[in-house]
Each structure stands twice: as C-alpha cells, then as structure tokens.
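Understanding the architecture of this molecule
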Amino acid sequence: MFKQIIYTMKSHLPDGKAEQFYDFMIEPTDEAYSNWLPEHHQYHIVKRGKNSPVGDLVFFDQHISPNFRLKSYAIVRVAGRPCEITVQVLKFGMRVPVFVSLYFEDTLNGLVLTEEVRAGYRGVGAIFNPFFRLVLTKRKLSALTKHHNKEWKELERILIAT
C-alpha cells in the first residue's frame, strides 16, 4: 500500500552509443540542452562536487508536455561511465527521496536506454509515500513517457550528426 514508486521507460536507439549519451548528459550546457528540443530550457552544472561528476549540483528546466514542467536542482549520485547516471532531486534546498537514473547499454542492435524514476521511502518512512502518488499522477507519468520517447530519439539524431 505504501510502496515506493518505481516507473521505468525504455528506448531502443539503433544508432546510439552509450559513451556519447553518457558524455552529453554528464557535462550539460544550457546551449546544447535547449538546442536538443524546444521544450528543454536549461540543464547545467551549478557547482562541482568534490568527486566530480559524483556530487555535482545540476539545475534542469524542461516541459514534458504543455501542462507539466519539471524544474529543479539535483545532485549526481552515481556516474558509472559509460553505463549509468543517477541524480537525486532537491526541493527547497533539501534532498528528497526522488531519484532519476539513466542506464545506457550498448548491444549488437544499438543502444538500449532505460530511464527510471524512483520516488518515496523504504521502511518506516514509507507511510509518506502516498504523497508521492499525488505528485506523480498517471497523467504526469504518461506525459513523461511520451517525452522520453521523443527526446531520446532526437538526441540520437543530434549525436549521429556530430
């Protein structure tokens, strides 16, 4: 009843390469990000962490649909070159139990990109998890999936062209 939310999306990108996607996402610039898609506004490093890229503070701002905007700071928690990047979202300057992970897997048929959103607590704190269901509604998750499908195919196209 009070389970942590785990929402997973996958894309198969026949011409994608894990290293290229990792490099693009781990060294963000507003210019590259806004050129990626018009609904992407900002994504940049605010402050380098002691063990950069782990510990880097990043800012992102994007519309995932006309009705939903994601705008927040996040801390890079995992930077496993070239296979994984995980960030933890901050709200009001505090770490919240919301994590976004990108997994990049090169296969014989191209790149398999998995994006996972985890929200909520495990253990005793799980009593607060219904709050996350109020924020991560079915409509918002549906918009996120549509955006996921669009944005990663577009990034594949951009990276092929460079």
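Notes on the structure follow. All values derive from a computational prediction rather than experimental measurement.

**Brief notes about the environment of Ala143**
Structurally, Ala143 is set in helix H4 (residues 138-161). The exposure class of Ala143 is buried, given its relative accessible area of 9%. Distance in space between the C-alpha atoms of Ala143 and Ser65 is 6.0 Å, their sequence separation being 78 residues. What Ala143 contacts, discounting residues up to four positions off in sequence, is Ile64, Ser65 and Phe68.

**A few points about the sheet that holds strand S7 (residues 110-119)**
In space, the seven strands of this open sheet follow the order S1-S7-S6-S5-S4-S3-S2, with antiparallel pairing throughout. Each edge of the sheet is formed by a strand with only one pairing partner; in this case those strands are strand S1 (5-13) and strand S2 (40-47). With direction set aside, neighbouring strand axes in the sheet form an average angle of 25 degrees. Where helix H1 (residues 18-26) meets the sheet, its contacts fall on S1, S2, strand S4 (69-80), strand S5 (84-91), strand S6 (94-107) and S7, and the angle it forms with S6 comes to roughly 155 degrees. Of the strands in this sheet, S1, S2, strand S3 (57-63), S4, S6 and S7 are in contact with H4, which crosses S1 at around 30 degrees.

**Brief notes about the nonpolar core**
If you look at the biggest cluster of nonpolar residues, it comprises 24 residues, and the most contacted ones within it are Phe21, Met25, Trp36, Ile85, Phe104, Trp152 and Leu155. Looking at which element gives the most residues to this core, the answer is H1, with six residues. Beyond its immediate sequence surroundings of up to four residues, Phe104 is in contact with Ala18, Phe21, Tyr22, Met25, Pro82, Cys83, Glu84, Ile85, Leu111, Val112 and Leu113. Counting 14 residues, the second largest nonpolar core, distinct from the first, contains Ile64, Val89, Val96 and Phe132.

The rules we used
- Residues numbered from 1 in each chain as written.
- Predicted model: local features only at pLDDT ≥ 70, side-chain atom pairs only at ≥ 80, totals over all residues.
- Heavy atoms only, no water.
- Helix = DSSP H or I, 4+ residues; strand = E, 2+ residues; numbered from the N terminus.
- Buried < 20%, exposed > 50% of the residue type's maximum accessible area, 1.4 Å probe, protein only.
- Contact = heavy atoms within 4.5 Å.
- Pairing = 2+ DSSP bridges.
- Axes fitted to C-alpha atoms, helices over the stretch in contact; angles between N-to-C directions.
- Core = buried A, V, L, I, M, F, W, Y, C linked by side-chain atoms within 4.5 Å.

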